[in-house]
Structure formats: C-alpha cells, structure tokens
Amino acid sequence: MKVLIVPHADYYVLPTDELRAEFPDATFVEPQTPEERLREVVDSDAFYGTPTSEEMRAATRLRWIHNPGMGIDRLMKVPEIVASDVVITNSPGPHTNPMADHAFMFILALAHRLEESLNDQRQRVWDTVKYNYRMLPLNGSRLGILSMGGVGRAVAQRALPFGMHVYAMDPSPTDVPAGVRKVYPPEEVDEMLRHTDWLVVTSPFIPATADLINAERMALMPEGSHIVVVSRGGIVNEDALAEALHGGHIAGAGIDATAVEPLPQGSPLWDAPNILISPHTSALSTTLAAERQGIFFANLRRFVAGRSLAFVCPVGRGY
C-alpha cells in the first residue's frame, strides 16, 4: 500500500515517522515538487491532500482521498475527483469549538465596541460618555445561524446562555440544541433574515450557498444588524457587505473567511467601517493538528484492514 502525503498548510503536516512505525508494510511518500507528485501518484492507493486534475488522470490505483481539514470545496473544484468513484473523507470535530468561540469573539467585540476601546487605550484616552447608549445587549437579541451543522450547533449552545433568541436555516437539521426556536428550510431563509440581529455563517461553500447573502438579502435584515462569517467565503457577497457597512444598514461584521484568500489588497472590506477581519484562523487551536492527525490515523487503520472509512463525504452533497 502506498500513501501520497501532500499537506497544504503547516498544521496539516503528518508525523511520518509515527506512520512508518505503526504501518511498516506501507510506503509513505512526501513529494517536494509537482513533477515528483505526478510521478508518485501513478501507483498510490491513498492521497492525503488535494490532487490536481493532472494527478487524478495519472492515478491508476487511487481508492481514497483524505481531506486534512473539514471543507472539501477545494476537492469539488477538480472535475476528475467529482467524476471518480474514489472515496473522500474529511476531519470533522476538532474545529468545532474553536470556530464557535471565534464567532462569539466577534459578536462580543462588536457588541461592546472592543476595537474602539483598544484604540482609546493605545492613545491613553478615558472617555466613558462616548460609549453611552452604544453597547448592545445580547440578551433578547435574535441570532440566525447558517447552518446547523457541528459549528452551528456549537454557536447555538453558546448563544442560548446569553439569553439570545436562536434561529437557524438548514436543509436537514440533526441534533438541534434544545432552546433553538426554529430551524427554517432553505426556501425560507428570507423569513429568518427578517428577524435576525446577528447572522453567523457556518455553512459549507456549495452551489446552493454561493452568494446566498447578497445585497437583496442584507436589505431584509433589520437596520443595525451584524454579520459574522467563520466557515467559508463566497457565501456573503463582499462588495454588498462593504456597501451595507458604509451605508449603516449593517452595523458591523466579523469576517474570518473570504472568497479569495489572502484577502486582496484592493478589497473594499479592508476600509469598511466597524469590521473585524481575521486571516481564516477561527479553527486553529493548540490541539487542532494532533486531533486531525488522530482522525487520519484512525481512518488509515480502517483502510489497511479493509473496513469502511469514517467521515465519508458524498460527492453529490459537496461536504
């Protein structure tokens, strides 16, 4: 058995010495150049990372692709992967709580004017009166979540103790936390947005969610509402968001994922008012790498033993 390892970020790097120790009969290859990747993929049984179209066409034995992270949108952009019968798995779980924490970091920072307070601190300004009538109470406010997967559920579990009224949109919700008032089907997303003070985007990026929150849908949200994105860019229209922030209809935003990453220097988001931007770090934690490695090790044991793999992602679903 041969496994090709092509991580795309430092926190996806595998401890190959441990792999070789546990699976001495397997061959683990870490190609350093595109040419080496193309040569080695020909007889690989498993691929850790994202194969290119050319690599998929060259592969003759490939049976399994493991996505080291959660979202498989990069894989779905490769037509040869979509058309193949290669099993795709991902690594759900480790990102869930950090991403929900990050969403609430944005919410609390926006509600309590943290950026403004930090600017005052740096300039040694003490001006209590400036903040009169400007801090937003979360208790009684309305939170809408797109969608109710693992991260969405974790966001809801954090929102409920704050006294927020929690709603969600999801095509097939499961394990909905007690206290969530309603889960809307996708065709009723407009209705949810009409009474959403805080919109948190936790959806995968698939055709059904692309540009879902556009200018028209932002206009449905109450004046002074907020948008937080922690899953994928491309779901919220960034030009429309910048315009809505400048116009004041959307009062603030927290953005951790953008349609193009790194966020281009010319993006209107950089200069939009009352926006907090982080560089797609919401999933990161001190334990993320080890936990995701553990998922791969467990699935590799299944693969070697000829058992069904865990966390299989149906290609037709896209996540």
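Residues numbered from 1 in each chain as written. Predicted model: local features only at pLDDT ≥ 70, side-chain atom pairs only at ≥ 80, totals over all residues. Heavy atoms only, no water.

Right, let's get into the environment of Thr33. Relative to the elements of secondary structure, Thr33 occurs in the loop between β2 (27-29) and α2 (34-41). Each C-alpha atom of the pair Thr33 and Glu243 lies 43 Å from the other, and the pair is 210 residues apart in sequence. (Helix = DSSP H or I, 4+ residues; strand = E, 2+ residues; numbered from the N terminus.)

If you add up the space inside the second largest pocket, you get close to 150 Å³. Taken together, Asp256, Ala257, Thr258, Glu261, Pro262, Leu263, Trp270, Ile277, Ser278, Pro279 and His280 make up the full set of residues lining the second largest pocket. (1 Å grid on protein atoms, 1.4 Å probe; cavity = no way out; pocket = protein on both sides within 12 Å on 5 of 7 lines; lining within 4 Å. Points joined across faces, edges and corners; volume = space filled by probe spheres on them.)

Let us look at helix α8 (residues 150-159). Most of α8 is tucked away, with seven of its 10 residues classed as buried. For α8, the set of buried residues is Val151, Gly152, Arg153, Ala154, Val155, Ala156 and Ala159. The inward-facing, buried residues of α8 abut α6 (96-111), β6 (142-146), β7 (165-169) and β9 (198-201). (Buried < 20%, exposed > 50% of the residue type's maximum accessible area, 1.4 Å probe, protein only. Contact = heavy atoms within 4.5 Å.)

Take the packing of α6 against α8 next. At a minimum axis separation of 8 Å, α6 and α8 run at an interaxial angle of 50 degrees. Classified by the interaxial angle, the pair formed by α6 and α8 is oblique. Read as a crossing pair, α6 and α8 show a hand that is right-handed. Between α6, through Thr96, Asn97, Met99, Ala100, Asp101, Ala103 and Phe104, and α8, the contact on the second element is made entirely by Gly150, Val151, Ala154, Val155, Arg158 and Ala159. A class-by-class count of the residues in the contact of α6 with α8 yields eight nonpolar, three polar and two charged. (Axes fitted to C-alpha atoms, helices over the stretch in contact; angles between N-to-C directions. Parallel < 35°, antiparallel > 145°, perpendicular 65-115°, else oblique. Left-handed = near helix turned anticlockwise from the far one by under 90°. Nonpolar A, V, L, I, M, F, W, Y, C, P; charged D, E, K, R; others polar.)

Moving on, we come to the sheet that holds strand β3 (residues 46-49). On the basis of which strands lie adjacent, the open sheet formed by five strands has the order β2-β1-β3-β4-β5 and parallel pairing. Pairing within the sheet leaves two strands with one partner each, and these edge strands are β2 and β5 (87-89). In this sheet, adjacent strand axes meet at a mean angle of 20 degrees when their direction is disregarded. Note: strand β1 (residues 2-6) against β2, three bridges, orientation parallel. Directly across from Leu4, in β2, lies its bridge partner Val29. Set on the sheet, α2 makes contact with β1, β2 and β3; between it and β1 the angle comes to about 155 degrees. With respect to the sheet, helix α12 (residues 288-305) is in contact with β1, β2, β3, β4 (64-66) and β5, its orientation differing from that of β4 by roughly 170 degrees. (Pairing = 2+ DSSP bridges.)

Our focus in this paragraph is the sheet that holds strand β12 (residues 275-277). Taken in spatial order, the seven strands of this open sheet run β8-β7-β6-β9-β10-β11-β12, and their pairing is parallel. Each having just a single partner strand, β8 (182-184) and β12 make up the two edges of the open sheet. Across the sheet, the mean angle from the axis of one strand to that of its neighbour is 15 degrees, orientation sign disregarded. Examined bridge by bridge, β6 and β7 share five bridges and lie parallel to one another. Opposite Leu146, over in β7, you have Met169 as the bridge partner. Along the sheet face, α8 touches β6, β7 and β9 and points at about 170 degrees away from the line of β6.

With that out of the way, let us pick up the pairing of β6. Taking burial as the measure, the five residues of β6 include four buried ones, the bulk of the element. A crossover connection joins β6 to the parallel β7 through α8; in handedness this β-α-β unit is right-handed. Pairing of β6 with β9 involves four bridges; the strand directions are parallel. Its bridge partner being in β9, Leu143 is matched across the sheet by Trp198. (Right-handed = clockwise from strand over helix to strand, strands pointing away.)

Attention shifts here to empty space enclosed by the protein. The probe, sized like a water molecule, is rolled over the atoms to show the empty space still left. All chains considered together, the criterion is met by one cavity of 30 Å³ or more. Along its surface, the largest cavity is lined by Val229, Gly233, Gly234, Val236, Glu238, Leu241, Ile255, Ala257, Thr258 and Leu269. Per-class residue counts for the lining of the largest cavity are six nonpolar, three polar and one charged.

Now for the packing of aromatic side chains. Overall, the coordinates contain seven aromatic pairs when judged by the stated rule. Ring plane angle 20 degrees and centroid distance 5.3 Å describe the contact between Phe104 and Phe162, whose orientation is recorded as stacked. Of the two residues, Phe104 sits in helix α6 while Phe162 sits in the loop between α8 and β7, which places them 58 residues apart along the sequence. Residue classification places Phe162 among the partly exposed residues on the basis of a relative accessible area of 35%. One aromatic cluster is present, formed by Tyr48, Trp64, Phe296 and Phe303 through successive ring pairs. (Phe/Tyr/Trp six-rings, centres within 6.5 Å; stacked < 30°, edge-to-face > 60°.)

Inspection of the entire model under this criterion finds 15 salt bridges. Measuring nitrogen to oxygen at the nearest pair gives 3.5 Å for the salt bridge that ties Arg63 to Asp45. Here Asp45 lies in the loop between α2 and β3 and Arg63 lies in the loop between α3 (53-58) and β4, a separation of 18 residues in the sequence. According to the relative accessible area criterion, Arg63 is partly exposed, its value standing at 44%. As a salt-bridge pair, Arg142 and Asp197 come within 3.0 Å of each other at their nearest N and O atoms. Separated by 55 residues along the polypeptide, Arg142 in strand β6 and Asp197 in the loop between α9 (189-194) and β9 bring together distant segments of the chain. Among the ionic contacts, a cluster of salt bridges with common partners joins Glu116, Asp120, Lys130 and Arg134. (Salt bridge = Lys/Arg side-chain N within 4 Å of Asp/Glu carboxyl O.)

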